[in-house]
Amino acid sequence: MSSIVIYEADDLMRGLLQEWLTRAGYSVSAVSPCDPPPHVATDLVIVNIEMPKHAGSRGADKIRAAYPGTRIIAISAQFRADLSTVGTTAQVLGVAQVIAKPLTRDALLAAVSAIIDPAN
Amino acid sequence: MIENSDPIAQPAGLRFKRLRLRIVILGVLVVIAFAGSSAYDAWRSYGSTLAATHREIANVATALAEQTAWTFEGVDLTLRDTARWYQSDSRKIAPERLDEILANRSAGVRQIRLITITDAQGIQRHRSRGSSPPDLDVSDRSYFIAQRDRTVAGLFMSEPLISRSEGRPGIFLSRRLEDETGAFAGVVAAIVNLEDLQRFYAAVTLGGGGAVQLLRDNGQLLMRDPPDPNAIEKKFPQLVSLGAAESPLTNPIDGKRDFIAVARVRDTPLFLAVTREEAVALRSWHDEAIRLAARSAVVALLGFVGVGLLWRQLRRIETGERALRASEAQLRQSQKMEAMGTLAGGIAHDFNNILGAILGYGELAQQQSAPDTPMWRYIDNVMNAAERAKALVDRILGFSRSGLGERAHVRVQSVIEETLELIAASLPVDIRLEKTLIAGDAALIGDSTQLHQVAMNLCTNAVHAMEHGGVLNVLLERADLTEARSVSRGILSPGPYIRLVIADTGVGIPPEVVERIFDPFFTTRGVGKGTGLGLSLVHGIVSDLGGAIDVKSTLGEGTRFEIWLPATTEVAKPAVEAVRELPRGRGETVMIVDDEPMLVTLAEEMLAGLGYEPVGFESSRAALQVFRSKPERFDLILTDEAMPELVGTELAREIRLLRPAVPVILMSGHGGAALAQRAAAIGVKEVLHKPLQRADLAEALARAVSSAKC
């Protein structure tokens, strides 16, 4: 079972993401950025980035440092809806994919699936 | 128009205008006063010169007339004395000595050229100079007849006559001789020496242009200095009728404009006229007048130059102040927009989280409820409302500039062309689209979707402004700025730009509205007809791209938006794919539909490279026909949206009617929430944005294939 760590400040969103992914069969650890990071081996980190325009790649740096080599999906309420998931923004932030909030379950699961199990 | 509408700049403009007007009026008054003073001086000087000239020539005329009178008095005295002597003593003297005595008498009187004694029969008997023929008969001469017939009492003065004894012209003065009984005994006559008078007149300095004339009372000119042989003995009666003339007249003698003073020669029928040419007499005044005029002109010139310099300086100050105020206004506006953007960005952030929860939990809730139950419908409505809110928040993110979008190399002209194609398709019949797209391959670094939104919003607004028809004019060109330029919204640094001009011939925007058109949620359309976010979005996007907007609008004539976008000098690079392995296909057959043959080829190559089996179509109808014939042949459909025969969403609907399970991916150059909704409604899996990124395509295809398997 693939494991996923979620960093999300918003309680409702955190709960929702956890529920979606758990239902999809993943092992999920969902934490607030203020909480100490769960020291578990993980296949994927989903992190919410605030003010991505100003923060740039710094928003994901902390996660990259905590989980070296692990793929990251960045989500943000300040991504434009028409953003390409693997376009220049993803490159600038240094993550595998970006998804704009509010995101759909399908979009999230497709992104997760494409990273964890690209063969499917 | 923007300047006029500035409530702060307007009073300052008025103040400067008044100040400028006052300076001009003051300057003109000073110049007029100086010119008036100079003119008054010239007029006074002219009057003084006239008076002095009149006085001078009148005095000269009086003096010369008196001198002339003395001359003739001397001659008369000699004649009377000679007459007395001749009547009393001549019989005692031998006749041959009488000529000698006469010569002695005339020798003392310089002004007498000749004295003659004529007997009662008119035979000239004696003369002071004896060179004339003997017994000369002068009985027909006026000076003899007048004395003989007593037509005059005492002295008679003749008209100029040629002396028969000398053969020279002269004026004869005569007195009657009588015997003891008082009977006429002849005349004693003297020829006046006019040369002597002329020498005297010549001795009087009248200056250049001056002349002295001696005339008889009938106007006959007897003598003139300087001499004028053509005028001697001609008559100029108008001269003797003059007194001391007040102003220059045309002199009948020489035809020149002269000051003329005429004085009568006492006890004679003679007049003495002194003339002086006006041009000569007024020369000194004329020179002074020129000096005054030149001085006035110099002062006027200096005055006008001074006023002009002051005017220019004031204009500079005013322009500077206006620019400062405009800059302050722009700064205020920019700060306002930034503050609103920050606020809106914050709200959008929170709202997106809330909407995410609503949509996400709504979906979960919907999964837990049975379809077509009231609960299912309620949740569906909640989610529809949340979708609408999501679209709104995305627009707010657009103008707030806090949202993060793509930053890719965008060839502007292709985006504008595509936008205009869409606009043209929905344009009312009474609106004509005129486009000049000459930007070539000029590009910027940004998001093609956002650029599309800019053009779409401005074109839509322009169309709305022309309810009764008109012309929608679109210009796209390169523009290089060599110096900084301030426009309505923003300041442009020097450099290469892409200028998009969208102008309409509609109703125009009132100045007070122009100030607010970029404010979020400000709309002049009715409630529910406009969100008021269109131009805010345009402003946000253009500002985010580092550009600026210039707006000009005239009521009743139309509005013109100029969008300045900084052009990139970078050469377009193929997008760098994320450093990871892309999902690959396993030989699935993919139908590719695009009316652009090159794009079909490109997509075919990309798909083949990703392990798919592409089949390309350049016609949507042809593609549908092939699908109808073999619906099971294709595992996936990849279609463009904008196509002439059958648009992508229509094709998708037809295909899904034939085979609902086949996944469809839509491609679009501009996207947008409306298209996304429409696509989702007919079961399209994803909407990809053109230009296609290989990674995006690979991911989308993998997701679509994966979902088809589920």
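As shown above, the structure is provided for reference.
The structure reproduced in this document is the subject of the present report.

### Some words on the overall build of chain A
Across its full length, chain A holds 5 helices and 5 strands. Going from the N terminus to the C terminus, chain A shows its helices and strands as β-α-β-β-α-α-β-α-β-α. Of the contacts made within chain A by residues no fewer than 6 positions apart, 69% connect residues no fewer than 24 positions apart. Carbon together with sulfur atoms contributes 54% to the accessible area of chain A, which is approximately 4800 Å² in total.

### Looking at the overall build of chain B
Helices and strands together make up the secondary structure of chain B, namely 17 helices and 26 strands. Within chain B, the proportion of its 710 residues that are buried is 49%. Partitioning the intrachain contacts of chain B with sequence separation of at least 6 by distance along the chain shows that 65% fall at a separation of at least 24. Accessible surface computed for chain B: about 34700 Å², of which carbon and sulfur atoms make up 56%.

### Side note on the packing of helix α14 (residues 620-629) of chain B against helix α15 (residues 648-658) of chain B
Residues and elements named next belong to chain B. Where α14 meets α15, the axes come as close as 10 Å, and the angle between the chain directions of the two elements is 5°. As far as their axial angle goes, α15 and α14 are roughly parallel. Contacts from S620, L624, F627 and R628 in α14 reach L651, E654, I655 and L658 in α15. The residue makeup of the contact of α14 with α15, split by class, is 5 nonpolar, 1 polar and 2 charged.

### A word on the interface of chain A and chain B
On the chain B side, the residues contacting the 38 residues of chain A number 44 residues. For the pair chain A and chain B, the two sides together bury roughly 3700 Å², of which 50% comes from carbon and sulfur. The largest share of the area that chain A buries against chain B comes from K53, R80 and P102 of chain A, three residues that together contribute 21% of it. The interface formed by chain A and chain B holds 1 salt bridge in total.

### Re the pairing of strand β12 (residues 270-277) of chain B
Residues and elements named next belong to chain B. The buried count for β12 comes to 7 of 8 residues, which makes it a mostly enclosed element. Bridge analysis of strand β8 (residues 210-216) against β12 gives 7 bridges, and the strand direction is antiparallel. Along β12, the bridge assignment pairs L214 with L272. Taken together, strand β11 (residues 257-265) and the strand that follows it, β12, pair antiparallel across an intervening segment of 4 residues, in which D267 is found at a positive phi of about 60°.

### Remarks on unusual backbone geometry
Glycine aside, negative phi is the norm for most residues, and most peptide bonds take the trans geometry. K101 of chain A connects to P102 of chain A through a cis peptide bond whose omega is -5°. Topologically, P102 of chain A is positioned in the loop between β5 (97-100) and α5 (105-116). At the junction of D225 of chain B and P226 of chain B, the peptide bond is cis and its omega measures out at 0° in the coordinates. For P226 of chain B, the location among the structural elements is in the loop between β9 (221-225) and α5 (237-240). Residues other than glycine seldom take positive phi values, yet R150 of chain B does so here, at roughly 55°. The residue D267 of chain B is not glycine, and still its phi comes out positive at about 60°.

### With respect to the pattern of salt bridges
Residue and element names in this part refer to chain B. This structure, assessed with the given rule, holds 34 salt bridges over all chains. Between E277 and K256 there is a salt bridge, and its shortest N-O distance comes to 3.1 Å. Taken together, the residues E277 in strand β12 and K256 in the loop between β10 (249-250) and β11 connect sequence positions 21 residues apart.

### Things to note about the sheet that holds β11 of chain B
Residues and elements named next belong to chain B. Taken in spatial order, the 5 strands make up an open sheet running β9-β8-β12-β11-β10, and their pairing is antiparallel. The sheet is open, and its two borders are formed by β9 and β10, each paired with just one other strand. One ladder, built from 2 bridges, connects β10 with β11; its direction is antiparallel. In the sheet register, L249 faces β11, and the bridge partner there is D258. The sheet strands contacting helix α4 (residues 194-203) are β8, β9 and β12, and the helix crosses β9 at an angle near 40°.

### Details of the packing of helix α10 (residues 448-465) of chain B against helix α12 (residues 534-544) of chain B
Residue and element names in this part refer to chain B. It is the contact of α10 with α12, at a shortest axis distance of 9 Å, that shows an interaxial angle of 145°. Between α10 and α12 lies a crossing of left-handed hand. Along the contact surface, α10 presents Q450, Q453, V454, N457, L458 and N461, while α12 presents G534, L535, L537, V538, I541 and V542. Looking at the contact of α10 with α12, its residues break down into 7 nonpolar, 5 polar and no charged.

### Some remarks on the side chain of S163 of chain B
All names here are of chain B. Turning to its location among the elements, S163 is positioned in the loop between β5 (161-162) and β6 (169-178). By relative accessible area, which is 1% here, S163 ends up buried. Not counting residues up to four positions away in its chain, the partners in contact with S163 are R113, R141, R168, F172 and I191.

Each value, and the rule that gives it
Residues numbered from 1 in each chain as written. Chains lettered and ligands numbered in written order. Predicted model: local features only at pLDDT ≥ 70, side-chain atom pairs only at ≥ 80, totals over all residues. Heavy atoms only, no water. Helix = DSSP H or I, 4+ residues; strand = E, 2+ residues; numbered from the N terminus. Contact = heavy atoms within 4.5 Å. Areas by Shrake-Rupley, 256 points an atom, 1.4 Å probe, with all protein chains shown as cover. Buried < 20%, exposed > 50% of the residue type's maximum accessible area, 1.4 Å probe, protein only. Axes fitted to C-alpha atoms, helices over the stretch in contact; angles between N-to-C directions. Parallel < 35°, antiparallel > 145°, perpendicular 65-115°, else oblique. Nonpolar A, V, L, I, M, F, W, Y, C, P; charged D, E, K, R; others polar. Buried area = accessible area lost by both parts, 1.4 Å probe. Salt bridge = Lys/Arg side-chain N within 4 Å of Asp/Glu carboxyl O. Pairing = 2+ DSSP bridges. Left-handed = near helix turned anticlockwise from the far one by under 90°.

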